[in-house]
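# Examining the three-dimensional arrangement
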Amino acid sequence: MADKKFDLVVVGGGPAGYVAAIRGSQLGMQVACIEEDNLGGVCLNVGCIPTKALLSSALLVNDCKLAAAHGITFDNFRSDLGPAQKRSRDIAEKLASGVAHLFNKNKILHIKGRGRLLGEGSVEVTSLDGGHETYRSDHILLATGSRPRDIPVLPIDDTTVWSSTGALFQQQAPASLAVVGAGAVGMEFADIYNAYGTKVTVIEALDRILPIEDADSSSTLQRSFKKRGVQFHTGAKVKDAIIGEDSVQLSFEDKNGSTHRLEVEKVLSAVGRVPNTEDLGLKENGVEVSPEGYIVVDHHLKSSVRGIYAIGDCAGKQLLAHKAMHEGVVCVEAIAGESHGAVDYANVPNCTYCHPEVASVGLTEAQAREQGFDIEVGKFPWVGNGRALAGGHTEGFVKVVRDKEYSEILGAHIVGPHATELIAEFVVGRHLEGTVEEMDRAMHPHPTLSEAVAEAALGALGRTIHL
Ligand code: FAD
């Protein structure tokens, strides 16, 4: 059979790949997307969306526990993870199937199978029944994503030692769970399982939870979780695990070198992700790969080989869906000669959707100091915000780090209600190169949570109104 030629061939149908495919089609390209699994990638199927569905359930469970203050009481309050888990799958499946509709609408061909570079503008696709076909294009975009890191001391079986995927498919909350790794994924699952009655212990090798966030955000979140009964061991490394049928005995070493033991029913290994780049024919085709396995790209996502590009998790930097989608658009627009500039990796928001939510953009206070900026910090606690008080969620703050010389917003950090929505204000402010003064002067509606953004900005100028 003759090779089929397209203007753009995308390998991987996750957020990076499907967004790139749609943008390519909008720009008049004939596009094919090779995806071996469901369209939507990790994000829609086993990442962003199902976790957010479960976190919404967890928030409702926690709110029900506080409902008496609203005059709502339950005689026999109980919560059951099963229906929430089913709901999360329904939402994930609905959204993932929406990508197929978008492909139809944009006349993008979904080729079901596994893609591998053949060289000279060709990709070989192995279909599920073992058949092979070749597709040709001058522009081959690799968007093959990442998978959970499996560490030798804690081999993932998704029965007793879960990856994030295993943690999404449980019908019942276990009596006890050790969460190894306190990044965004670990903290989101700690929140979900704690809400459904599991005794959760978090073990983190670095000296604080959410280590990439501002130190104030980490300590505020840890305090909040502790109040709900979650236990923490930071600066602690898992050294050994004896995995039985019904339990796991973990040994971990604390920062002083002392060994501790913990017996739990299940373990979630949330120690990061590795790129899916081994079996793509990269080496054979001379595509440069970093020592960690990420495809090396330039500011327009071009790899070291002409006509081959990489976007999303497989190209490294922040492993986030919004960064992946942005890269898809930037890359395809550059291919079409419509470049609107590169991705601004310094303005990628970080979000953790546990309760309270944590979000940030730009430099932490410590990073700003290390980089030699002369800074002023504004911090506005939610207890000073009428809407937060009315809603009953007052843990946390909005914090702004300002460069005194130009009043540039160096960084913003939010812990609290709708932090992951509010952070977008700072992302836009930074994108438009706004100053802290401008963040305040743009009028914020009253009473809203967004007023705390303006108040924190004022705080960085030493003149908060409501504090
Ligand atoms: P992926 O989503 O990994 O998609 C890659 C696709 O390529 C997959 O569908 C795979 O089947 C396919 N593929 C791989 N190799 C081949 C091949 N050779 N041939 C054909 N197909 C192939 N990010 C956020 O921004 N917000 C969140 O709230 C968030 N929550 C998360 C929660 C969890 C539990 C996890 C695990 C991740 C979360 N992420 C979140 C991260 C986010 O899911 C990823 O950054 C995002 O999915 C990356 O998109 P991608 O398209 O690069 O890769």
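In the block above lies the structure referred to throughout.
Here's a quick rundown of the structure. (Residues numbered from 1 in each chain as written. Predicted model: local features only at pLDDT ≥ 70, side-chain atom pairs only at ≥ 80, totals over all residues. Heavy atoms only, no water.)

Within the chain, the regular secondary structure consists of 13 helices and 24 strands. Relative to its length of 467 residues, the chain is compact, with a C-alpha radius of gyration of 24 Å against a globular reference of 23 Å. Dimensions of the chain, computed from the C-alpha atoms along their principal axes, are close to 70 × 60 × 45 Å. Burial statistics for the chain: of 467 residues in total, 52% are counted as buried. (Helix = DSSP H or I, 4+ residues; strand = E, 2+ residues; numbered from the N terminus. Rg over C-alpha atoms; globule rule 2.2 N^0.38 Å. Buried < 20%, exposed > 50% of the residue type's maximum accessible area, 1.4 Å probe, protein only.)

A few words on the packing of aromatic side chains. Inspection of every chain in the model, using the stated rule, returns four aromatic pairs. Between Phe 6 and Tyr 135, the aromatic rings sit 6.3 Å apart at their centres with planes inclined by 40°, giving tilted as the arrangement. Residue Phe 6 is located in strand S1 (residues 4–6), and its partner Tyr 135 is located in strand S7 (residues 132–137); the two are separated by 129 residues in the primary sequence. Across this residue pair, the class does not change: Phe 6 and Tyr 135 are buried. Directly above the aromatic system of Tyr 345 lies the positively charged group of Lys 317, at a separation of 4.5 Å from the ring centroid. (Phe/Tyr/Trp six-rings, centres within 6.5 Å; stacked < 30°, edge-to-face > 60°. Lys NZ or Arg CZ within 6 Å of the ring centre and 35° of its normal.)

Strands sit in the order S14-S15-S16 across an open sheet of three strands; the sheet is antiparallel. Strand pairing shows two members of the sheet lacking a second neighbour, strand S14 (237–243) and strand S16 (259–264), which therefore form its edges. Neighbour-to-neighbour, the strand axes of the sheet open up by a mean angle of 20°, direction not taken into account. (Pairing = 2+ DSSP bridges. Axes fitted to C-alpha atoms, helices over the stretch in contact; angles between N-to-C directions.)

Now for the environment of Phe 6. Owing to a relative accessible area of 11%, Phe 6 belongs among the buried residues under this scheme. For Phe 6 and His 139, which are 133 residues apart along the polypeptide, the C-alpha to C-alpha distance reads 8.6 Å. When sequence neighbours within four positions are dropped, the list of residues in contact with Phe 6 reads Gln 30, Val 31, Ala 32, Leu 109, Tyr 135, Arg 136, Ser 137 and Asp 138. (Contact = heavy atoms within 4.5 Å.)

Relative to the helices and strands, Pro 275 resides in strand S18 (residues 273–275). Under the relative-accessibility criterion, Pro 275 is labelled buried at 4%. Residues Pro 275 and Glu 288, spaced 13 residues apart in sequence, show a C-alpha to C-alpha distance of 14 Å. If we skip the residues at most four places from it in the chain, Pro 275 touches Gly 145, Ser 146, Arg 147, Glu 292, Gly 293, Tyr 294, Asp 313 and Cys 314.

What follows deals with the site of the ligand. Near the ligand there are 37 residues, and of these Glu 35, Val 42, Lys 52, Gly 115 and Ala 321 occur at the shortest range. Asp 313 is positioned such that a nitrogen or oxygen atom in its backbone is 2.9 Å from an oxygen atom of the ligand. Here an oxygen atom of the ligand sits 3.3 Å away from a polar atom, N or O, in the main chain of Leu 319. Protein contact buries 93% of the 1,000 Å² of open area that the ligand shows by itself. (Near = heavy atom within 4 Å. Polar contact = N/O pair within 3.5 Å; in protein donor to acceptor, adjacent residues only side chain to side chain. Areas by Shrake-Rupley, 256 points an atom, 1.4 Å probe, with all protein chains shown as cover.)

With that out of the way, let us pick up the layout of surface pockets. Of the pockets and cavities examined, the second largest pocket occupies roughly 700 Å³. Lining the second largest pocket are 24 residues, with Leu 59, Asp 63, His 355, Gly 392 and His 393 sitting closest to its centre. Listed by contribution, the elements that provide at least two residues to the lining of the second largest pocket are helix H3 (48–65), helix H10 (386–391) and helix H11 (419–431). Each residue belonging to the lining of the second largest pocket can be placed in one class, and the counts come to seven nonpolar, 10 polar and seven charged. (1 Å grid on protein atoms, 1.4 Å probe; cavity = no way out; pocket = protein on both sides within 12 Å on 5 of 7 lines; lining within 4 Å. Points joined across faces, edges and corners; volume = space filled by probe spheres on them. Nonpolar A, V, L, I, M, F, W, Y, C, P; charged D, E, K, R; others polar.)

At their nearest, the axes of H3 and helix H4 (residues 81–105) sit 8 Å apart, and the two run at 145° to each other. For the element pair H3 and H4, the recorded crossing hand is right-handed. Here Ile 49, Pro 50, Ala 53, Leu 54, Ser 56 and Ser 57 of H3 lie close against H4, whose contacting residues are Leu 81, Ala 84, Gln 85, Arg 87, Ser 88, Arg 89, Ile 91, Ala 92 and Leu 95. Of the residues belonging to the contact of H3 with H4, the class tally is nine nonpolar, four polar and two charged. (Left-handed = near helix turned anticlockwise from the far one by under 90°.)

Counted by the stated rule, this structure contains zero disulfides. Here Cys 314 stays free of any disulfide, with the sulfur of Cys 331 as its closest cysteine sulfur at 10 Å. (Disulfide = S-S within 2.5 Å.)

Taking 1.5 Å of rise per residue, 25 residues should cover 36 Å, and H4 covers 36 Å from first to last C-alpha, within 8% of that figure. Sitting at the head of H4, Asp 80 places a side-chain oxygen 3.0 Å from the backbone nitrogen of Gly 82. Remark: Lys 107 follows H4 within two positions and exhibits a positive phi of approximately 55°. (Expected span 1.5 Å × (residues − 1).)

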